[in-house]
Amino acid sequence: MTNNNTFDRRAIGAGLIAAGAFALARPAQAAEQSAADRAKAFAALPDWTGIWMGVGTTLFEQKAGAASLNANNPNAREFPPYRPDWERAYQTFLNEVVKQENFSDPLSLGYPGGMMRMMSPARGLQFVLRPEQVWIIYERPDVRYIYTDGRPFPPKDELWPTFEGYSIGHWEGDTLVVQTVSIRGGIPIDRTGAALSDEARVTERIRKTDAKTLQSDITIEDPVALTGPWKVTRRYTRRDEQYPRMENVSSLENNRNPVVNGETKVLLAGDSDPSSPYPDDLRRVAVPRFPKAK
Amino acid sequence: MLKPSAVALVALAAITPAFAHHSDAMFDSSKEVTLNGTVKEFQYTNPHSWIQLVVAGANGAAPVEWSIETQAPIVLLRAGIKPTSLQPGDKISLKMHPLKDGAPGGSLVEVKKADGTTLTLRGPRSY
């Protein structure tokens, strides 16, 4: 495999070693694999079946002392080792917006949560483990793709910042080690407005610590925003319940809390029409006027 | 060390108010008001569900339609509240935190149906 990558050769090396262990699972060879080989490659993966819910509050960092707060609380904050200029900007936002209870969540206005917030869910997620990829499916339209086929990161000139970034991973025993780069900066990771820069690099080590617990040890490095690594541990608990993943498309359906001049409003009876998910002007050009069901 | 199930329960209870996607500043959380009325519509929708409740006016005044905000379907269903749990025409008694500006709207606390059933996000199943 040629390697033009300039990111982190150590990580790529680890990926390649892992890929060696799972060489049978490489996509290029998939069509040639026997059923027995495919069964073997799948059988080597751990069992993460189930719907997993984040343990703890909606704050990303489950810091001692802050554990009773969730990210909606005006007194809540994260504790990244911010550089002084980032800390000042964060504190200004906390004081001027969050403490005034004026934070409006972009996630709820239809924008993707993005990394790291994707891994700090208050809702269910599912892990689909395949030899060549891991998919993390959320109760939103988002799916996160982690390539475990041994590929390196694309060359730098083929990467641009995106909400979820670009993730490659490999297995160390039953631990999934994921590295993510090219995450779009300035996306709030929670409702306190904490964010990272485009230069953030995230390493996650995810493993099952008992039948009902997945643990992710997360290290965030960001030479622009942080003075050193930000280490956070998140846990997810398996819910054994009758309901599978459910759709949660946020404001695209029936948003009766528009933000007007920085204030969240409530649309009262007669001010809203939940019969279509589209606003009036879009509905006129997107959907015919079908008769209503009787 | 707590057993994992106990940890989960504590954690889930701790995030109860976390699902409102916006500030709740427009609701007066220090007040609980009870409304008695008739369900006009139960909007089982994202990002929040809404109960449209028609409340008779006092002393012959015109009835008023209240808009009561509650959680997203994924939260309601896991708490046992289904799209069919409230039907148009149902007579209910409902507790809510009212809008601060006095408009006919609020944030749901719980519903008591005529048959005595309570729909609530409180309690051990809430999260």
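Residues numbered from 1 in each chain as written. Chains lettered and ligands numbered in written order. Predicted model: local features only at pLDDT ≥ 70, side-chain atom pairs only at ≥ 80, totals over all residues.

Caption draft 1: Molecular detail of the overall build of chain A. In terms of regular secondary structure, chain A is built from six helices and 11 strands. A buried classification covers 37% of the 294 residues belonging to chain A. At a minimum sequence separation of 6, the contacts of chain A that also span at least 24 residues come to 54%. (Helix = DSSP H or I, 4+ residues; strand = E, 2+ residues; numbered from the N terminus. Buried ≥ 20, exposed ≤ 12 C-beta atoms within 10 Å, placed from the backbone. Contact = placed C-beta atoms within 7 Å.)

Caption draft 2: Structural context of the pairing of strand β9 (residues 230–239) of chain A. Residues and elements named next belong to chain A. Two elements, strand β1 (residues 51–54) and β9, share four bridges in a ladder whose sense is antiparallel. Looking across to β9, one finds that Trp52 is bridged to Arg238. With eight bridges joining them, strand β8 (residues 213–221) and β9 adopt antiparallel strand pairing. Residue pairing across strands places Leu214 opposite Tyr236, the latter belonging to β9. (Pairing = 2+ DSSP bridges.)

Caption draft 3: Geometry of the sheet that holds strand β3 (residues 133–138) of chain A. All names here are of chain A. Strand order in this closed barrel of nine strands is β1-β2-β3-β4-β5-β6-β7-β8-β9, and the pairing throughout is mixed. For this sheet, the mean inter-axis angle between neighbouring strands, taken without regard to orientation, is 30 degrees. As defined by bridge partners, strand β4 (residues 143–147) adjoins strand β5 (residues 166–172) across two bridges and the pair is classed as parallel. Within β5, the residue paired with Ile146 across the bridge is Ser167. (Axes fitted to C-alpha atoms, helices over the stretch in contact; angles between N-to-C directions.)

Caption draft 4: Broad picture of the nonpolar core. Residue and element names in this part refer to chain A. Met116, Leu196, Val202 and Ile220 are the most contacted members of the largest nonpolar core, which totals 27 residues. Listing elements by their share of this core, those giving two or more residues are α4 (84–98), β8 and β9. No other element matches α4, which puts four residues into this core. Residues within four places of Leu196 in sequence aside, it is in contact with Ile183, Gly185, Ile220, Asp222 and Ala225. Counting residues in hydrophobic clusters, the runner-up holds 22 residues, among them Val55, Tyr166, Val177 and Val178. (Core = buried A, V, L, I, M, F, W, Y, C linked by C-beta atoms within 7 Å.)

Caption draft 5: Fine view of α4 of chain A. Residues and elements named next belong to chain A. A rise of 1.5 Å per residue sets the reference length of α4, with its 15 residues, at 21 Å; its end C-alpha atoms lie 20 Å apart and thus fit the reference within 8%. When we look at burial in α4, the residues that qualify are Trp86, Tyr90, Leu94 and Val98. What you see down the axis of α4 is that its buried residues fit within an arc of 75 degrees, all on one side. Of the residues in α4, the exposed ones pointing more than 90 degrees away from the buried face are Pro84, Asp85, Arg88, Gln91, Thr92, Asn95 and Glu96. (Expected span 1.5 Å × (residues − 1). Arc of directions from axis to C-beta.)

Caption draft 6: Focus on the domain arrangement of chain A. For chain A, the domain assignment lists domain 1 (51–239) and domain 2 (253–286). Here the C-alpha centre of domain 2 of chain A lies 30 Å away from the C-alpha centre of domain 1 of chain A. (Domains from an automatic or database assignment.)

Caption draft 7: Seen up close, the environment of His48 of chain B. Relative to the elements of secondary structure, His48 of chain B occurs in the loop between β1 (33–43) and β2 (49–55). Sequence spacing of His48 of chain B and Thr70 of chain B is 22 residues, and the spatial spacing of their C-alpha atoms is 5.8 Å. Residue contacts for His48 of chain B: discarding those within four places in its chain leaves Arg256 of chain A together with Glu69, Thr70, Gln71 and Ala72 of chain B.

Caption draft 8: How the structure looks around the environment of Ser275 of chain A. Mapped onto the secondary structure, Ser275 of chain A falls in the loop between β11 (263–264) and α6 (280–286). For the pair Ser275 of chain A and Glu253 of chain A, spaced 22 residues apart in the sequence, the C-alpha separation amounts to 9.4 Å.

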